[in-house]
Amino acid sequence: DASRRPLRMAVIGSGPAGFYTAYRVMAKTAARVDMYEALPVPFGLVRFGVAPDHPEVKNCQEKFEEVAQSPDFCFVGNMAVGDASSNRAAHNPHGGHVPLAALARHYDAVVFAYGASRDRKLGVPGEDLGGVYAARDFVGWYNGLPGSGGDSSRIVADLARADSDTAVVIGQGNVALDVARMLLEHVDVLRKTDMSEEALEALSRSHVTRVHVVGRRGPMQAAFTIKEVRELMKLPGVGLHGFDQATLLPPKLKDLPRAQRRLMEVVVKGSMTPLKEARKSWSLDFCLAPKQFSASDAAGDRVATATFEKTRLTDPFDSNAQVEHTGELVDVPAQLVFRSIGYRSKALADFDDLGIPFDDRRGLILNDGLGRVLRDVRSPDASMTTQPYPGFYCAGWVKRGPTGVIASTMEDAFTTADAIVGDWQSQAHFLAGSEEARAGWDGVRAEVDTAGAKVVSWADWQKIDRVEMDRGQQLGKPRSKFTRTEDMLAVLG
Ligand code: FAD
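Caption draft 1: View of the sheet that holds strand E11 (residues 238-240). Pairing is parallel in the open sheet, where 6 strands are placed in the order E8-E16-E9-E10-E12-E11. A single partner strand is all that each edge strand has here, and the edge strands are strand E8 (132-134) and E11. Taken pair by pair, the neighbouring strands of this sheet meet at an average axis angle of 20 degrees, ignoring direction. Where E11 meets strand E12 (residues 280-285), 3 bridges bridge the pair, whose relative direction is parallel. If you follow Leu 240 over to E12, its bridge partner there is Trp 282. Strands E8 and strand E16 (336-339) of the sheet are contacted by helix H7 (residues 153-160), whose axis makes an angle of about 130 degrees with E8.

Okay, here's the thing in structure tokens:
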């Protein structure tokens, strides 16, 4: 009788979705949870996404640490589930990997919480020119994500180029504003954060003085939020260029719903530093759709111009307005381009073996919205029906698509956890199998050859954590991250 023994659960990924699911399940029922993380270090985008000058956002880590202290919790770090591609991406020769099928045999429930490890491409000509970057790679690089951005010497050199004075960020979400802020903020402010030393050094040599943050729609449709815009408005010595308020904003802001009104007021008020006194400046360039990037001449391999097509909105004041193209082109000179149009989740390489369905268009695992993975099953009468896939659940960005802050990821993870606990208590959808089969990580380890891999336990991570904080203290910052997996593992001897 399964209700008499603890639920055996594997969580794949140690970001907010993984930790909040584990937390809630363990709070609601007797459960033993093993958390598999591809990297030697935990916390996903809390460590590698959230901007270094937003330390308060990282406070959720305290909750995660509490979860990890439970004797019923086991961290299996440096162990990717699926193929070894994430190890290759992180240049991690000592990373292990476990096939999903081998893992699933040893648990009642498996939760996919592995986030979004790719970026979306624009699909326009010139996207591969030198100087054009994915925001994901830039963010990963300044946050010390192992292997991010491939060869980081490129971005270091690009920032230091004397002619790199103008950057274009494509997209107007909060990640785009993070990128703009890192380019505009005084580097001495960033030195007090856990930004990687390489990035600090490169940004201290940056010649960027002008940043365009470009969107296809208008201010009333923008995805950024008030805190992030306000931070940019307050940057000392940084001015904001104006935009066409008469056509893009309703005549009376005071009639707008409160949250939108406040946001628009911040945008209209502009920066604290007037443009004529500013050492750097930025703009919100609305109603421009990227068309192509080009070099200064046909033989050139570096971006010199970003070309946009002007758009028209079906109703500029409606937040759901559609974009229409006008055919009118605008050239913006730019030596650096960051495309920030979203992250993307991908299917694990062995999903096909188990018939786990992945929606490639939306970039998420098919699920019932409550976190149960769904699959098509042939009924006895040969018709197909969609049913929960016993034992498989998902949470976070891989469940909802790559949008939403940590708070919404938490809500979402709680929903998944409640489905798991409900199913466990009613015995509704769990993997069939005997109690002996629920050996968890011990069972997996006995079955899979992980000889070449260094498994990182929670105690190991705490050693890495301590060394990073000590290194940081010497530099007057909260933490100096290791940016290579070899260096993380070297701490463990
Ligand atoms: P992730 O945090 O991405 O965690 C997934 C984990 O799974 C990672 O650790 C990854 O290494 C691991 N993994 C991947 N593949 C495998 C595998 N095959 N096997 C094992 N492990 C694997 N939210 C805020 O509230 N405030 C902010 O200021 C903020 N800033 C952000 C800035 C950026 C640049 C980005 C991208 C996001 C930001 N967010 C912010 C949003 C927040 O980071 C997300 O909502 C949240 O991290 C999503 O959680 P997740 O657990 O689904 O994914």
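Caption draft 2: Expanded view of the side chain of Asp 350. One can find Asp 350 in the loop between strand E17 (343-344) and helix H14 (351-354). Buried charge without a salt bridge: Asp 350, with Lys 346 as the nearest opposite-charge side chain at an N-O distance of 9.5 Å. Sequence-distant contacts of Asp 350, that is, excluding residues within four places in its chain, are made with Gly 82, Pro 99 and Leu 100.

Caption draft 3: Region of interest: the packing of helix H6 (residues 135-142) against helix H8 (residues 174-184). Across the interface, H6 lies against H8 with an axial gap of 10 Å and an inter-helix angle of 55 degrees. The pairing of H6 with H8 is recorded here as oblique in orientation. Judged by the sense of rotation from one axis to the other, the crossing of H6 with H8 is left-handed. The segment H6 lies against H8, with Ala 135, Phe 138, Val 139 and Tyr 142 engaging Val 175, Asp 178, Val 179, Met 182 and Leu 183. Per-class residue counts for the contact of H6 with H8 are 8 nonpolar, no polar and 1 charged.

Caption draft 4: Examining the site of the ligand more closely. The local shell around the ligand holds 33 residues, among which Ala 17, Glu 37, Val 81, Gly 404 and Ile 406 are the closest. The separation between an oxygen atom of the ligand and a polar main-chain atom of Ile 406 is 2.9 Å. Here the ligand, which alone exposes 1000 Å², has 91% of that area covered by the protein. For the shell around the ligand, the secondary structure elements donating two or more residues are helix H1 (16-28), strand E2 (31-37), strand E4 (79-81), H8 and helix H16 (406-426). Counting residues per element, the shell around the ligand draws most heavily on E4, which supplies 3 residues. Looking at side-chain class alone, the shell around the ligand contains 21 nonpolar, 10 polar and 2 charged residues. Built from parts of two domains, the shell around the ligand gets at least three residues from each of domain 1 (2-117 + 345-490) and domain 2 (119-343).

Caption draft 5: Inspection of the packing of H1 against helix H3 (residues 60-68) at higher detail. In the contact formed by H1 and H3, the axes pass within 10 Å of each other and the chain directions differ by 50 degrees. The angle between H1 and H3 places the two elements in the oblique class. The handedness of the crossing between H1 and H3 comes out as left-handed. On H3, the residues that touch Pro 16, Phe 19, Tyr 20, Ala 22, Tyr 23 and Met 26 of H1 are Cys 60, Lys 63, Phe 64, Val 67 and Ala 68.

Caption draft 6: Representation of the domain arrangement of the chain. Looking at the assigned domains, one finds that the chain contains domain 1 (2-117 + 345-490) and domain 2 (119-343). One C-alpha centre belongs to domain 1, the other to domain 2, and the line joining them spans 32 Å. Counting each side, the surface lost to burial between domain 1 and domain 2 is near 2200 Å², with a carbon and sulfur contribution of 53%. Along the contact surface separating domain 1 from domain 2 lie 5 salt bridges. Ionic pairing is found between Asp 194 and Lys 481, a salt bridge with its closest N-O pair at 3.9 Å. The tally of links from domain 1 across to domain 2 stands at 12 residue pairs in polar contact (both at pLDDT 80 or more). Looking at the side of domain 1 that touches domain 2, the elements that each hand over two or more residues are helix H2 (45-48) and helix H19 (485-490). Here the side of domain 1 that touches domain 2 gets 3 residues from one element, more than from any other, and that element is H2. Here the residues of the side of domain 1 that touches domain 2 sort into 16 nonpolar, 9 polar and 8 charged.

Caption draft 7: Looking closely at the sheet that holds strand E13 (residues 288-294). Reading across the sheet, the 3 strands line up as E13-E14-E15 and stay open at both edges, with antiparallel pairing between neighbours. The open sheet has two edge strands, E13 and strand E15 (323-333), and neither has a second partner. Neighbouring strand axes in the sheet, compared pairwise and without regard to direction, differ in orientation by 25 degrees on average. Pairing geometry for strand E14 (residues 305-313) and E15, over 8 bridges, is antiparallel. Looking at E15, one finds that Arg 312 is bridged to Glu 324.

Reading guide: rules and limits
- Residues numbered from 1 in each chain as written.
- Predicted model: local features only at pLDDT ≥ 70, side-chain atom pairs only at ≥ 80, totals over all residues.
- Heavy atoms only, no water.
- Pairing = 2+ DSSP bridges.
- Helix = DSSP H or I, 4+ residues; strand = E, 2+ residues; numbered from the N terminus.
- Axes fitted to C-alpha atoms, helices over the stretch in contact; angles between N-to-C directions.
- Contact = heavy atoms within 4.5 Å.
- Buried < 20%, exposed > 50% of the residue type's maximum accessible area, 1.4 Å probe, protein only.
- Lys, Arg positive; Asp, Glu negative; His and termini not counted.
- Salt bridge = Lys/Arg side-chain N within 4 Å of Asp/Glu carboxyl O.
- Parallel < 35°, antiparallel > 145°, perpendicular 65-115°, else oblique.
- Left-handed = near helix turned anticlockwise from the far one by under 90°.
- Nonpolar A, V, L, I, M, F, W, Y, C, P; charged D, E, K, R; others polar.
- Near = heavy atom within 4 Å.
- Polar contact = N/O pair within 3.5 Å; in protein donor to acceptor, adjacent residues only side chain to side chain.
- Areas by Shrake-Rupley, 256 points an atom, 1.4 Å probe, with all protein chains shown as cover.
- Domains from an automatic or database assignment.
- Buried area = accessible area lost by both parts, 1.4 Å probe.

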